Amino acid sequence: MTTLTPASDQIALVDCVSFYANAERVFDPTLHDRPTLVLSNNDGCVVAACPLVKELDPDIMGKPWFKIRGWCQAKGVEARSSNYELYGSLSARVATILGRFSAWQEVYSIDESWLKLRGAPEELESRGQEIRRTVLQLTGIPVRVAIGPTKTLAKVAALGIKKNPAFNGVLDLRRFSEEQLDRILDSLHVTDLWGVAGRNGKRLAALGIHTARELRDADAKWLRKRFSVVMERTILELRGQKCIGLETQPPAAKDQLIYSRSFSRKLTDPDEMHQVLSIYAQRVSARLRAQGSVAGVLSVWASTGWADEGTVPHSAHRAVPLAMPTDDPIALTKAASVILPDLFPTAGIRYARAGVVLTGLRASDGVQFLPVFQSEFEDRGVGKVLDEITRKLGAQAVGVGLGGMKTPPAWEMKRAMLSKRCTTHWDELPVAVA
Amino acid sequence: MQASQPEPLALDEPLILPFAPEAVACGFPSPAEGYWSGDLDLVQHLVRDPTCTFVWRAAGHSMTGAGINDGDLLLVDRGIDPVPGKIVIAVVDGEYTVKRLDVIQGRTVLVAENLDYADVVLHEHTEMSVWGVVTWILSPAKTKRGVRPRL
């Protein structure tokens, strides 16, 4: 009943194929034809797996590492700790290259970008192949290009590419006739669609709407009343009407910054907690300086694990208004230590996580103080020097107070199978045998 | 491998600079005004395209004749065609090696530039792919004393 308009702007979703696993392969040729999976922080559970692993176990995602370790060895599955520095670096390179193919780009996630493209279906499919070749050659990362008149339909095209290798990684949904498109939407369940939450599947089924085609042909206004404007948008987008635009504006500087982590083991020692908090304060203050802001309030918290039966449950939280908005790591580290007297009120507590949050952020260049209000460290440029050193030598190279420990502290995140951070650390460069 | 150089699409609307690029000074004009365009930028000179340039380290002595010493940094560009004659990072049997790519009597050869090392001649069953082309070799200058020029 709906034909997709052939002309006008089309939306392309470019996503990296098994991004984490393929990022690992860029600098490790031994992984090329081997099943590869990547573990979450602290080597907890599987967060990414290449298709070769999913062939061996379709339900591998989310499984805890300690349960599948033996299975991996037996099956020749390679596991890696998450190397977020490497993924971030390659992701930024891919996004920059994709931006050359269109003046309109929305970087949607670490491995997805939306692009606006204009042209006939054949033209855009050949441009899609060119995008694939270029990104693969320049970065080593394979991508897929799914094209449609709207974001929702581009996502439908992406499902088609995943299901059918014959498309060779590129599909413009407009290549299908009206009848073919009907059949494709017939074959998709409503919850396969982008923007339709799983819990809405049952509610739609109660109304006799099961497939994507039935949803497209339903009464949009009526469903908006029963669900929300999001459902109406999905329906209109399925009909080829753009409702969800490209967000091409870079996000404004964040108005709060958080550095929080779970520890690799539970902490029972006040000195170690002090060390954790001073390091977290320094990490978050580095992010603050990177975005050129100063903070007015520092909040700090620590808590025990919610499912940990070996501890007396406890959590503490403190917020400190700073005398003057600052980005000074020494002032922020000092402020974070206000929580220390609240910790360990009784015996038998072991903390599982902690965090430092900066709020009341504003641009640092607008700050003017009278000298009497200036922090004693302010004009020594301590923060800048720290940033310069950590950028060159890694986050653990130097720190203030207890953060300045040379050996990584015992509670630091466990990443036992971490590959080299080839693109971000001078001492971890890839090596070629001469 | 074919290098593909996408052209950025033209914007529909012209970009308008909302301010004058130079400040209007009321005092004596600087004689350098209009000539200043920034100091030499080494990265700009060495890196053709930052999205596909990577830094590698060489380990070994097989390429000393090409000026690659053990421990040198290599700038590697994945956007350049690996034509015969180029120094490349190649993947041979699951290992990265740096050699000069050549075709000798119809066979692809990874040439070592040091007589003490053998070339890698590729046979049909050897798997080889080129990872990238080496564009710069960064060697630190060595400190030496007592060197006299020959007369």
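Coordinates for the structure precede this section.
Cut-offs and rules
Residues numbered from 1 in each chain as written. Chains lettered and ligands numbered in written order. Predicted model: local features only at pLDDT ≥ 70, side-chain atom pairs only at ≥ 80, totals over all residues. Heavy atoms only, no water. Helix = DSSP H or I, 4+ residues; strand = E, 2+ residues; numbered from the N terminus. Buried < 20%, exposed > 50% of the residue type's maximum accessible area, 1.4 Å probe, protein only. Areas by Shrake-Rupley, 256 points an atom, 1.4 Å probe, with all protein chains shown as cover. Contact = heavy atoms within 4.5 Å. Buried area = accessible area lost by both parts, 1.4 Å probe. Salt bridge = Lys/Arg side-chain N within 4 Å of Asp/Glu carboxyl O. Nonpolar A, V, L, I, M, F, W, Y, C, P; charged D, E, K, R; others polar. Pairing = 2+ DSSP bridges. Disulfide = S-S within 2.5 Å. Phe/Tyr/Trp six-rings, centres within 6.5 Å; stacked < 30°, edge-to-face > 60°. Lys NZ or Arg CZ within 6 Å of the ring centre and 35° of its normal. Axes fitted to C-alpha atoms, helices over the stretch in contact; angles between N-to-C directions. 1 Å grid on protein atoms, 1.4 Å probe; cavity = no way out; pocket = protein on both sides within 12 Å on 5 of 7 lines; lining within 4 Å. Points joined across faces, edges and corners; volume = space filled by probe spheres on them. Polar contact = N/O pair within 3.5 Å; in protein donor to acceptor, adjacent residues only side chain to side chain. Patch = residues over 30% accessible without salt bridge, like charges linked within 9 Å, V, L, I, M, F, W, Y side chains within 5 Å. Lys, Arg positive; Asp, Glu negative; His and termini not counted. Charge placed at Lys NZ, Arg CZ, Asp CG, Glu CD.

Student: Any details on the overall build of chain B? Residues and values, ideally.
Tutor: The number of helices and strands found in chain B is one helix and seven strands. Along the chain direction, N to C, the helices and strands of chain B fall in the order α-β-β-β-β-β-β-β. Here chain B holds 151 residues, and 32% of them are scored as buried. When the accessible surface of chain B is summed, it comes to about 10900 Å², and 57% of that surface belongs to carbon and sulfur atoms.

Student: For the interface of chain A and chain B, give the residues involved together with the corresponding values.
Tutor: The extent of an interface is frequently quoted as the accessible surface area lost upon association of the parts. Taken residue by residue, the interface counts 30 residues in chain A and 38 residues in chain B. Both sides of the chain A and chain B interface together cover about 2900 Å² of buried area, and 58% of this is carbon and sulfur. Contact with chain B buries area across many residues of chain A, yet A:R100, A:Q137 and A:A434 alone supply 26% of it, more than any other trio. Taken together, chain A and chain B are joined by one salt bridge. Its salt-bridge partner being B:D49, residue A:R100 comes within 2.8 Å of it at the nearest N-O pair. Listed by contribution, the elements that provide at least two residues to the side of chain A that touches chain B are α1 (19-26), α4 (84-99), α5 (121-139) and β14 (431-433) of chain A. Ranked by residues supplied to the side of chain A that touches chain B, first place goes to α5(A) with six residues. Of the residues assigned to the side of chain A that touches chain B, the class counts are 17 nonpolar, eight polar and five charged. Note: β14(A) against strand β1 (residues 53-59) of chain B, three bridges, orientation parallel. Each bridged residue has a counterpart across the sheet, and for A:A432 the counterpart in β1(B) is B:A58.

Student: Help me get a handle on the state of the cysteines, residues and values and all.
Tutor: Going through the model one piece at a time under the given rule, you end up with zero disulfides over all chains. Here A:C16 stays unpaired: no disulfide links it, and the sulfur of A:C50, its closest cysteine neighbor, is 15 Å away. In this structure B:C52 is not part of a disulfide, and its nearest cysteine sulfur, from A:C16, lies 16 Å away.

Student: I'd love a proper account of the packing of aromatic side chains, names of residues and values included.
Tutor: The description of an aromatic ring pair rests on the distance of the ring centres and on the angle between the ring planes. For the coordinates displayed, the defined rule picks out 17 aromatic pairs over all chains. Considering the side-chain rings of A:F19 and A:Y87, the 6.3 Å spacing of their centres and the 65° angle between planes classify their relative orientation as edge-to-face. Of this pair, A:F19 sits in helix α1 while A:Y87 sits in helix α4; the two residues are 68 residues apart in sequence, bridging distant segments of the chain. Taking relative accessible area as the criterion, A:Y87 reaches 0% and is therefore assigned buried. Aromatic pair A:F344 and A:Y351: ring centres 4.9 Å apart, planes at 80°, arrangement edge-to-face. A:Y351 carries the same exposure label as A:F344, and that label is buried. Ring-pair connections join several aromatic residues into one group, and the members of that group are A:F27, B:F54, B:W56, B:Y96 and B:W131. The ring centre of B:F54 lies 4.0 Å from the NZ or CZ of A:R93, which sits over that ring. Over the face of the ring belonging to A:Y259 we find A:R261, whose NZ or CZ atom lies 4.3 Å from the ring centre.

Student: Before we move on, could you go through the sheet that holds strand β3 (residues 46-49) of chain A and cite the residues and values that matter?
Tutor: Working definition: the strands of a sheet are paired by backbone hydrogen bonds and lie parallel or antiparallel to each other. Residues and elements named next belong to chain A. Across the sheet, three strands lie side by side as β3-β2-β4; this open sheet has mixed pairing. The sheet is open, and its two borders are formed by β3 and β4 (78-81), each paired with just one other strand. Here the strands of the sheet are splayed against their neighbours by 30° on average, with no regard to which way each runs. Bridge analysis of strand β2 (residues 36-39) against β4 gives four bridges, and the strand direction is parallel. For L37, the partnering residue across the bridge sits in β4 and is A79.

Student: I'd like a rundown of the layout of surface pockets, residues and numbers included.
Tutor: Space inside the second largest pocket adds up to approximately 720 Å³. For the lining of the second largest pocket, the element with the highest residue contribution is helix α6 (residues 151-163) of chain A, accounting for six residues.

Student: Any details on the side chain of A:E78? Residues and values, ideally.
Tutor: Residues and elements named next belong to chain A. With respect to the helices and strands, the residue E78 is situated in strand β4. By relative accessible area, which is 18% here, E78 ends up buried. Within the structure, the side chain of E78 is placed 2.9 Å from the side chain of R34, a separation counted as a polar contact. Polar contacts involving the side chain of E78 include one to the side chain of R80, which spans 3.2 Å. Contact partners of E78, with chain neighbours within four places excluded, come to L31, R34, P35, T36 and L37.

Student: Describe the environment of A:L56, naming the residues involved and giving the relevant values.
Tutor: Residues and elements named next belong to chain A. You can see L56 is positioned in helix α2 (residues 51-56). By relative accessible area, which is 39% here, L56 ends up partly exposed. Linking L56 and G245, residues 189 residues apart in sequence, is a C-alpha distance of 39 Å.

Student: So what's going on with a negative patch on the surface? Which residues, and what values?
Tutor: Taken together, the side chains of A:D33, B:D93, B:E95 and B:E127 make up a negatively charged region of the molecular surface. Relative to the helices and strands, A:D33 resides in the loop between α1 and β2. The exposed category is assigned to A:D33, whose relative accessible area is 62%.

Student: Which residues make up the pairing of strand β10 (residues 293-303) of chain A, and what values go with them?
Tutor: All names here are of chain A. With respect to burial, β10 is a largely interior element, nine of its eleven residues being buried. Strand direction decides the pairing type here: β10 and strand β13 (residues 362-363), joined by two bridges, are antiparallel. Paired with V294 across the two strands is R362, which belongs to β13. Relative to strand β12 (residues 351-359), β10 runs antiparallel, the two sharing seven bridges. Residue V297 lies in a different strand from β12, and its bridge partner there is T359.

Student: An account of the sheet that holds strand β1 (residues 9-16) of chain A is requested, with residue identities and associated values reported.
Tutor: All names here are of chain A. With mixed pairing, five strands are arranged side by side in an open sheet as β5-β6-β1-β7-β8. Taken across any chain shown, the strands that pair with only one partner, and hence form the sheet edges, are β5 (105-109) and β8 (170-172). Along the sheet, successive strands turn relative to each other by an average axial angle of 20°, direction set aside. Relative to strand β6 (residues 112-118), β5 is paired through four bridges, and the arrangement is antiparallel. Of the residues in β6, the one forming a bridge with V107 is S113. Where α4 meets the sheet, its contacts fall on β1, β5, β6 and β7 (143-148), and the angle it forms with β5 comes to roughly 155°. Sheet contacts for α6: β1, β5, β6, β7 and β8; angle to β7, the most-contacted strand, approximately 135°.

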